[in-house]
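# Tertiary structure, described
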Amino acid sequence: MMLHPDVSNKINTMGRPRQLPTTYIAILGLCALMIPFLSKTSLYSAQLSPYRRSLAFRDAEYYSTLQTGIDPTVERRAKQSVADKTTRKDSCSEMVAYLPGPFAFHGHGSQINTYIMGIMTTTFMGLPMVLLEPPLDKQPYPGGSQFGCPTDAFRESSNGSGQPNWEVKEGFPMGLSRLIDHPAWLSHGCAIPTCPEMNDYVNLTRLLRKYRGGDTLPSVTCQDANGETVKVILSGSYATRIYFREHEGLFTKQLIIPQAKQWALNLGSSEEEAETFSQLHSPREIWDYATALMNKSGILRFQPWVARDVEMFVKTYDIPLNEEYDTIHVRRGDKLEEEARDAVINYWKSQGYTDEDNLPTNYIPFAKYLERYDPNECVAKGVDTIERNVYVATDDPIVVMKEIADASVPESENIIHSNGCHRLTFYFNPTQDTVFHIDESGDDDSCFARYHRNIIAMADLWILTKSHTFIGEYNSNWGRLLRTMRTVMNDDKSDDDSSELTK
């Protein structure tokens with residue numbers, strides 16, 4: 001296992017369990033009351049329409065994105081172009097339709113990472129990318145989304161018996177679109193063609209699943225209602241991952257200057273940034289720069305209801321958001337069985353344990369993560385002690401808390417003195433919820449329970465991404481997503497390309 005300090009630093013605190021705010025409790029209570037009245041035949045429209053929040057929060061914009069340093073003009077220009085109809089008529093004659101549905105049973109990290117692979121592939125092709133969600137009758141999830149149901153999703157209707165009946169609002173986003181507001185700079189204002197072939201969702205997913213590799217993703221060519229011929233390339237699920245990995249060399253080692261410049265511009269870069277990007281040669285630098293451009297353009301903007309509820313949930317934590325904070329991500333659980341197993345074995349071998357079947361623990365101790373703090377920092381800064389607030393995101397909170405309490409120099413149950421320099425105060429999710437996977441439902445898999453788990457996970461993601469220093473593992477989709485979302489353009493306009501990013 002490798003532990004990586006993330007250099008794009010910031011500091012957060014997470015308090016012990018405390019009472020959730022009245023508003024949040026009220027929303028959950030309303031959700032519970034609505035369950036018996038939800039209509040099984042609620043209709044969705046394939047066309048998505050915007051919905052305003054029923055609750056307004058002052059910091060909604062701050063909580064709607066994971067990145068800092070977003071250039072809002074990228075999305076603003078794209079929306080204005082759509083509104084002014086200045087986009088070329090043939091710009092929607094070929095597009096990529098991304099199907100999130102076939103991958104919906106995976107966790108947040110896996111789904112979002114695959115979506116990002118789709119974005120990188122599509123922008124490299126220079127095509128619009130639209131989302132194609134399953135219709136309600138093909139949705140395996142209550143309420144039409146793997147990410148659950150906010151109260152905003154429903155409207156009250158009458159079933160003729162005088163009893164209240166709740167059904168999903170027509171046009172309310174489904175699937176991945178329930179979580180993420182897909183940007184106009186990716187869609188170019190294009191919509192799913194109205195031809196019959198694009199309404200056969202089962203056949204489209206069948207075509208996508210048939211892809212096993214090669215230079216051409218499956219596609220459909222048809223005529224829409226206006227008689228225009230449209231080619232739709234299908235993306236999503238394992239097809240996107242296979243295509244991305246097979247063509248990674250095309251994106252990096254075989255990248256030529258004109259192609260690189262255009263890719264950067266498609267990702268929302270300035271002319272100067274596109275020129276810099278075209279001069280990069282290292283695959284690592286190319287991917288980091290492309291990722292930073294994508295983040296600068298504001299990818300992964302939460303839908304308004306998600307941003308609102310993440311804000312409400314985060315504000316239940318004892319986190320001084322006006323101060324810097326560190327984060328540590330400890331992923332155990334199912335990852336210990338395969339992905340992290342070799343790292344665990346190697347760690348204990350370094351400690352003198354050679355019997356792989358008889359190790360002290362089946363995980364790497366929390367103390368190993370704390371070794372990333374530099375004991376010489378106090379000497380360098382000429383101080384005796386450096387205070388650090390540290391939020392720990394983990395699927396094993398009880399054991400990690402015990403490891404902290406059992407530390408060699410504990411001051412209290414959540415404060416320790418480490419390496420003779422750092423005084424670390426630890427904070428955890430106030431719910432102590434161990435659910436990292438959206439499908440880890442236990443006894444309750446209602447759309448409201450899913451949404452609650454979704455908000456807990458997105459609150460953790462938001463806190464981890466915005467922290468000053470991140471210490472974690474990249475052997476999980478969650479860890480890899482965090483590294484991606486923390487990659488930003490450097491404010492320093494030096495000539496050194498390698499210093500253009502802080503990760």
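Our structure's up above, just so we're on the same page.
Residues numbered from 1 in each chain as written. Predicted model: local features only at pLDDT ≥ 70, side-chain atom pairs only at ≥ 80, totals over all residues. Heavy atoms only, no water.

## So, the sheet that holds strand β7 (residues 229–235)
Reading across the sheet, the 4 strands line up as β3-β2-β7-β6 and stay open at both edges, with mixed pairing between neighbours. Whereas interior strands pair on both sides, the edge strands pair on one side only; in this sheet they are β3 (129–131) and β6 (219–223). Going across the sheet, the axis of each strand differs from the next one's by a mean of 30 degrees, ignoring polarity. Bridge analysis of strand β2 (residues 94–98) against β3 gives 3 bridges, and the strand direction is parallel. The residue of β3 that forms the bridge with A97 is V130. In the packing of helix α6 (residues 201–210) onto the sheet, contacts are made with β6 and β7, and the angle to β7 comes to roughly 55 degrees. (Pairing = 2+ DSSP bridges. Helix = DSSP H or I, 4+ residues; strand = E, 2+ residues; numbered from the N terminus. Axes fitted to C-alpha atoms, helices over the stretch in contact; angles between N-to-C directions. Contact = heavy atoms within 4.5 Å.)

## A look at the nonpolar core
Core analysis: the biggest nonpolar cluster contains 76 residues, and Y115, L179, W263, F277, I299, L300 and V310 have the highest contact counts within it. Examining the composition of this core, we find that 12 residues originate from one element, helix α17 (residues 447–465), more than from any other. Core analysis: the next-biggest nonpolar cluster, separate from the first, contains 24 residues, L127, C222, V230 and A239 among them. (Core = buried A, V, L, I, M, F, W, Y, C linked by side-chain atoms within 4.5 Å. Buried < 20%, exposed > 50% of the residue type's maximum accessible area, 1.4 Å probe, protein only.)

## Examining the side chain of H468
Position of H468 relative to the elements: it lies in the loop between α17 and β13 (469–473). A polar contact is formed between the side chain of H468 and the side chain of E324, at a distance of 3.5 Å. Side-chain polar atoms of H468 contact the side chain of T469, separated by 3.0 Å. (Polar contact = N/O pair within 3.5 Å; in protein donor to acceptor, adjacent residues only side chain to side chain.)

## Here's the deal with the packing of helix α4 (residues 108–125) against helix α11 (residues 283–296)
It is the contact of α4 with α11, at a shortest axis distance of 12 Å, that shows an interaxial angle of 100 degrees. The angle between α4 and α11 places the two elements in the roughly perpendicular class. Every residue of α11 that contacts α4 at I116, I119 and M120 is listed here: W287, A290, T291 and M294. (Parallel < 35°, antiparallel > 145°, perpendicular 65-115°, else oblique.)

## Observations concerning the packing of α4 against helix α18 (residues 477–485)
One way to put it is that α4 packs onto α18 with a least axis distance of 8 Å and a crossing angle of 45 degrees. In this view, α4 runs oblique relative to α18, as classed from their interaxial angle. When the axes of α4 and α18 are compared, the crossing they make is left-handed. On α18, the residues that touch H108, G109, S110, I112, N113 and I116 of α4 are N477, W478, R480, L481, T484 and M485. (Left-handed = near helix turned anticlockwise from the far one by under 90°.)

## Regarding the packing of aromatic side chains
Under the definition given, this model contains 24 aromatic pairs. Measuring from centroid to centroid gives 5.6 Å for F154 and F448, while their planes differ by 50 degrees, and the two rings are tilted. Of this pair, F154 sits in strand β4 (residues 154–158) while F448 sits in helix α17, and the two are 294 residues apart along the sequence. By the burial criterion, F154 is buried, and F448 matches it. On the numbers, 5.4 Å between centres and 90 degrees between planes, the contact of W348 with Y353 is edge-to-face. The class for Y353 is partly exposed, based on a relative accessible area of 38%. By the ring-pair criterion, three or more aromatic residues cluster together here, those being F124, F244, F251, W263, F277, W287 and Y289. (Phe/Tyr/Trp six-rings, centres within 6.5 Å; stacked < 30°, edge-to-face > 60°.)

## Observations concerning the environment of V306
By the secondary structure assignment, V306 is in helix α12 (residues 304–314). Residues V306 and N454, spaced 148 residues apart in sequence, show a C-alpha to C-alpha distance of 8.9 Å. Residues in contact with V306, not counting those within four places in the same chain, are R178, L179, Y451 and I455.

## Describing the pattern of salt bridges
Per the counting criterion, the structure on display carries 22 salt bridges. As a salt-bridge pair, R423 and E387 come within 2.8 Å of each other at their nearest N and O atoms. With a gap of 36 residues between them, R423 in strand β12 (residues 422–428) and E387 in strand β9 (residues 386–394) connect regions that are remote in the sequence. Judged by relative accessible area, R423 falls into the buried class, the value being 18%. (Salt bridge = Lys/Arg side-chain N within 4 Å of Asp/Glu carboxyl O.)

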